[in-house]
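Residue strings, one per chain:
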Amino acid sequence: GAFAGWLARVDPTGSLRLYSQVLEENYDAVEQIEELYLLDSGGVRRLDPQFFDDAGITDERHRSLFRAFYGGPSKAQECLAGAEQPPTTSASGTSFASWLKTLDPSGGLDCYLKDLEDSYDSPEQVQELYLISDAKGQRPEGRKRILDHLFFEDMAIEDERHRRLFHGFFDQAAREAEEAEAAPPAPPSQSAFALWLEKVEPGGSLARYLPDLEENYDAVEQIEELYVTVDGNRKTISPQFFEDMGITDMTHQALFVKCYAGEPPGARVETPARTAPVETPQAPARGGL
């Protein structure tokens, strides 16, 4: 059809054939497209960007082909023209706008703002997609991650200065990510049960009960609700706790008792004294008759 031939003239490699059907469904002829979207500014023709939105053409490489076919400016020329103008309000209210301003405060990268906003959710997503593993060891610094050059192709970034600016950002992001991975892991925080046992006996002799406590109870408060009784100002822990936990060591039992009786943790622990058995005197044997 006429649209297929037109697309082949715009790009002889055939990369634009996928738009043939949508063009045939929405337009009568190539001439209608040119009548609707070709703008004449001082004798210079250029394609109205609205055409890309109406035809669903989001690929920046494909857009560049149409612009070049109709003599429009390249992406680098658009960036140069945009840098000479003050930034618009819409170009300063998004995370992408702030990101581009960080990379180039002069506004030279603002021309990529719309394409970034149309194609990605955030600068973090761009970093996640294009910061790849350096399997071939291409970076002399020995870093493990590099910027995938597909980013420049997807965004139609041809200007070498612009590429260097993006490279600087991604190189820094790679260094920070690798430093974070190399940092030693933070020590695990103590559980509430571990802190409780340490309070009962700072020396750590009760740590052996930690796994059973964490397995059988939800919180220290649950233990106190089940086993601790209050009589005036005095608290008492029930012997049932020792049975349920299998705490048979009398010294350990005394530590829990003293903790709830209000005695300081360092107080001397005395196990209950065992009384000596009482010997009943035997009656003298009676002599025989």
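These numbers were taken from a predicted model, which means no experiment stands behind them.

Novice: Got a sec to walk through helix 7 (residues 95-103)? Specific residues and values, please.
Specialist: Phe96, Ala97, Trp99, Leu100 and Leu103 are the residues of helix 7 that are buried. One side of helix 7 carries all its buried residues, which in axial view fall inside an arc of 160°. Against the buried residues of helix 7 lie helix 8 (113-119), helix 9 (123-130) and helix 11 (160-182).

Novice: Break down the packing of helix 1 (residues 2-10) against helix 3 (residues 30-37) for me, citing the residues and quoting the values.
Specialist: Relative to each other, helix 1 and helix 3 sit at 60°, their axes nearing to 9 Å. The orientation of helix 1 with respect to helix 3, classified from their angle, is oblique. On helix 3, the residues touching Ala2, Phe3 and Trp6 of helix 1 are Val30, Ile33 and Glu34. Tallied by class, the residues present in the contact of helix 1 with helix 3 amount to five nonpolar, no polar and one charged.

Novice: Account for the pattern of salt bridges, naming residues and giving values.
Specialist: Across all of its chains, the model carries eight salt bridges by this definition. In this structure, Asp53 engages Arg63 in a salt bridge whose closest nitrogen and oxygen atoms are separated by 3.6 Å. Taken together, the residues span a long stretch of sequence, with Asp53 in helix 4 (residues 50-55) and Arg63 in helix 5 (residues 60-69) at a distance of 10 residues. Relative accessible area serves as the criterion here: at 42%, Asp53 is assigned to the partly exposed category.

Thresholds, definitions, all that
- Residues numbered from 1 in each chain as written.
- Predicted model: local features only at pLDDT ≥ 70, side-chain atom pairs only at ≥ 80, totals over all residues.
- Heavy atoms only, no water.
- Buried < 20%, exposed > 50% of the residue type's maximum accessible area, 1.4 Å probe, protein only.
- Helix = DSSP H or I, 4+ residues; strand = E, 2+ residues; numbered from the N terminus.
- Arc of directions from axis to C-beta.
- Contact = heavy atoms within 4.5 Å.
- Axes fitted to C-alpha atoms, helices over the stretch in contact; angles between N-to-C directions.
- Parallel < 35°, antiparallel > 145°, perpendicular 65-115°, else oblique.
- Nonpolar A, V, L, I, M, F, W, Y, C, P; charged D, E, K, R; others polar.
- Salt bridge = Lys/Arg side-chain N within 4 Å of Asp/Glu carboxyl O.

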